[in-house]
Amino acid sequence: MLLGIGGGVIGSFAYLRKQALMGDALSHAALPGVCIAFMLSGSKSIGLFLIGAAVAGVAATYGIGFMTRHSRIKPDAALAIVLSVFFGLGIVLLTRIQHSGSGNQSGLDKFLFGQAASMVRSDVITMAVISAVLIGACALLFKEFKLLSFDPGFARGVGYPTVLLDQLVMLLLVVAVVAGIQAVGVVLMAALLITPAVSARYWTEKLGVMVVLSGLFGALSGIAGTWISASGNNLPTGPLTVLACTAIFGISVVAAPKRGIVAKRVIRAMARSRLARESETERLRTERGEQAL
């Protein structure tokens, strides 16, 4: 639930800035950081893994920004390059670790898809602190993030440090990814960042309401995924959380007011009916005018 709230809130700004793939790139970039942290320390320390993932995420963010600003590579191409290179490096390192003969590498591959059952009280406290930081930062800088999302040119013109704000958003995304690698995994964390935001966009036209709904949808996904996972055997929590999030998205696409499929069809049907009535009224007026003549 905490992970869904924090990820949904910061993911709203990434989605509005058309950087939905950024969460995916940062999620996959965290894997080599986890592997390098294990290779350097020789132990499965969650704290060290989080530090390694954070460093790798920051490096990926810098790489994407560097390629975009200092070359003719488009942002989507830069994202694809960083995602594939970092994840490929992570898989190579993970394979090397698993064939190294080390006795304590068992379970390291769980960071690909997460293993919420291995979490302890200290992990929950860490996740609560990270979620509070994400929500607090978005609340304090809501006006700046809002302007950066919709009109970065104007924000630059009025003196806002847009480059710094952009890097801050990326850093917060990295923090959210780091918080979720144990529960959801590096592969599925991107869905928990973006899908709640996309779902919330269907229900409102106001940014503040969208951010709140996105956090709420993320929390509901976490609760539903955990409940379903706990109700049976061999049901992974991370993938079920993502599936619950996708189910909320499906409901939003179909049933959301104004923007949902049902609402749009109703509005179109009402518009056709009104147009038909107006056409019939105009035809009757024309006939009456002809008869009068």
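Computed from a predicted structure; not experimentally measured.

### Topic: the overall build of the protein chain
What the protein chain contains, in helices and strands, is 13 helices and zero strands. Secondary structure elements of the protein chain, listed N to C terminal, follow the sequence α-α-α-α-α-α-α-α-α-α-α-α-α. Compactness check: the protein chain gives a C-alpha radius of gyration of 24 Å against a globular reference of 19 Å for 293 residues, more than 25% above the reference. Counting over 293 residues, the protein chain shows a buried share of 42%. Expressed as a percentage of contacts within the protein chain between residues at least 6 apart in sequence, the contacts between residues at least 24 apart total 71%. With an accessible surface of roughly 15400 Å², the protein chain has 67% of that area assigned to carbon and sulfur atoms. If the 25 positive side-chain charges of the protein chain are averaged to one point and the 13 negative ones to another, these points end up 5 Å apart.

### A look at the side chain of arginine 17
Locating arginine 17 in the fold gives a position in the loop between α1 (2-16) and α2 (20-41). In this structure arginine 17 comes out as buried when scored by relative accessible area, which is 17%. Those residues in contact with arginine 17 that sit more than four places away from it in its chain are Leu148, Ser149, Asp166, Val169 and Met170.

### A short note on the confidence of the model for the protein chain
When the pLDDT values of the protein chain are averaged, the result is 84; 94% of them are 70 or greater. Within the protein chain, the element-level pLDDT minimum falls on helix α5 (residues 110-113), averaging 68, and the maximum on helix α11 (residues 207-230), averaging 92.

### Here's the deal with α2
Compared with the 32 Å implied by 1.5 Å per residue over 22 residues, the 33 Å span of α2 between its first and last C-alpha is a close match. Positive phi shows up at glycine 42, right after α2, with a value of about 75°.

### A look at the pattern of salt bridges
All chains considered together, the criterion is met by three salt bridges. With a closest N to O distance of 3.7 Å, glutamate 205 and arginine 259 form a salt bridge. With glutamate 205 in the loop between α10 (189-201) and α11 and arginine 259 in the loop between α12 (237-255) and α13 (261-292), this residue pair connects regions lying 54 residues apart in the sequence. Of the residues examined, glutamate 205 reaches a relative accessible area of 55% and is grouped as exposed. By relative accessible area, arginine 259 is classed as partly exposed at 29%. Via salt bridges that share partners, Arg201, Glu205 and Arg259 belong to a single interconnected network.

### Here's the deal with helix α4 (residues 75-98)
Spacing of three or four residues puts side chains on the same side of an α-helix, whose turn is 3.6 residues. Counted at 1.5 Å a residue, the expected span for α4 with its 24 residues is 34 Å, and the 34 Å between its end C-alpha atoms agrees. If you check which residues of α4 are buried, you get Ala78, Leu79, Val82, Phe86, Gly90, Leu93, Leu94 and Ile97.

### Here's the deal with the environment of glutamine 182
On the secondary structure map, glutamine 182 appears in the loop between α9 (162-180) and α10. Along the backbone, glutamine 182 and leucine 50 are 132 residues apart, and their C-alpha atoms lie at a distance of 9.2 Å.

### Some remarks on the packing of aromatic side chains
The way to describe two aromatic rings as a pair is by their centre distance and the angle between their planes. Across all of its chains, the model carries four aromatic pairs by this definition. Taking the centre distance of 6.2 Å and the plane angle of 75° together, the rings of tyrosine 202 and phenylalanine 249 count as edge-to-face. Taken as a pair, tyrosine 202 in the loop between α10 and α11 and phenylalanine 249 in helix α12 lie far apart in primary sequence, 47 residues in all. Residue tyrosine 202 is classed as partly exposed on the basis of its relative accessible area of 21%. On the basis of relative accessible area, phenylalanine 249 is assigned to the partly exposed category, the value being 27%.

### With respect to unusual backbone geometry
You will see that lysine 258, though not glycine, has its phi angle at about 75°, which is positive. Tracing the backbone through its elements, the reader meets lysine 258 in the loop between α12 and α13. Among the residues examined, lysine 258 registers a relative accessible area of 65% and is labelled exposed.

### Points about a nonpolar patch on the surface
Residues Val254, Ile261, Val262, Val266 and Met270 make up a contiguous nonpolar surface patch of about 410 Å² in total accessible area. Per-element accounting of the nonpolar patch gives the leading share, four residues, to α13. Structurally, valine 266 can be placed in helix α13.

### Some remarks on the environment of serine 131
Here serine 131 lies in helix α6 (residues 121-140). Judged by relative accessible area, which is 6%, serine 131 ranks as buried. Expressed as a C-alpha distance, the spacing of serine 131 and proline 196, which sit 65 residues apart in the sequence, is 15 Å. For serine 131, the residues in contact, after removing those within four places along its chain, are Leu2, Leu3 and Gly6.

### Regarding the packing of α10 against α11
Where α10 contacts α11, the two axes come as close as 8 Å, and the packing angle between them is 130°. Classified by the angle between their axes, α10 and α11 sit oblique to one another. Where α10 crosses over α11, the handedness of that crossing is right-handed. For the pair α10 and α11, contact is made by Pro196, Ala197, Ser199, Ala200 and Arg201 and by Met210, Leu213, Ser214, Phe217 and Gly218, respectively. Each residue belonging to the contact of α10 with α11 can be placed in one class, and the counts come to six nonpolar, three polar and one charged.

Analysis parameters
- Residues numbered from 1 in each chain as written.
- Predicted model: local features only at pLDDT ≥ 70, side-chain atom pairs only at ≥ 80, totals over all residues.
- Heavy atoms only, no water.
- Helix = DSSP H or I, 4+ residues; strand = E, 2+ residues; numbered from the N terminus.
- Rg over C-alpha atoms; globule rule 2.2 N^0.38 Å.
- Buried < 20%, exposed > 50% of the residue type's maximum accessible area, 1.4 Å probe, protein only.
- Contact = heavy atoms within 4.5 Å.
- Areas by Shrake-Rupley, 256 points an atom, 1.4 Å probe, with all protein chains shown as cover.
- Lys, Arg positive; Asp, Glu negative; His and termini not counted.
- Charge placed at Lys NZ, Arg CZ, Asp CG, Glu CD.
- pLDDT = per-residue confidence, 0-100.
- Expected span 1.5 Å × (residues − 1).
- Salt bridge = Lys/Arg side-chain N within 4 Å of Asp/Glu carboxyl O.
- Phe/Tyr/Trp six-rings, centres within 6.5 Å; stacked < 30°, edge-to-face > 60°.
- Patch = residues over 30% accessible without salt bridge, like charges linked within 9 Å, V, L, I, M, F, W, Y side chains within 5 Å.
- Axes fitted to C-alpha atoms, helices over the stretch in contact; angles between N-to-C directions.
- Parallel < 35°, antiparallel > 145°, perpendicular 65-115°, else oblique.
- Left-handed = near helix turned anticlockwise from the far one by under 90°.
- Nonpolar A, V, L, I, M, F, W, Y, C, P; charged D, E, K, R; others polar.

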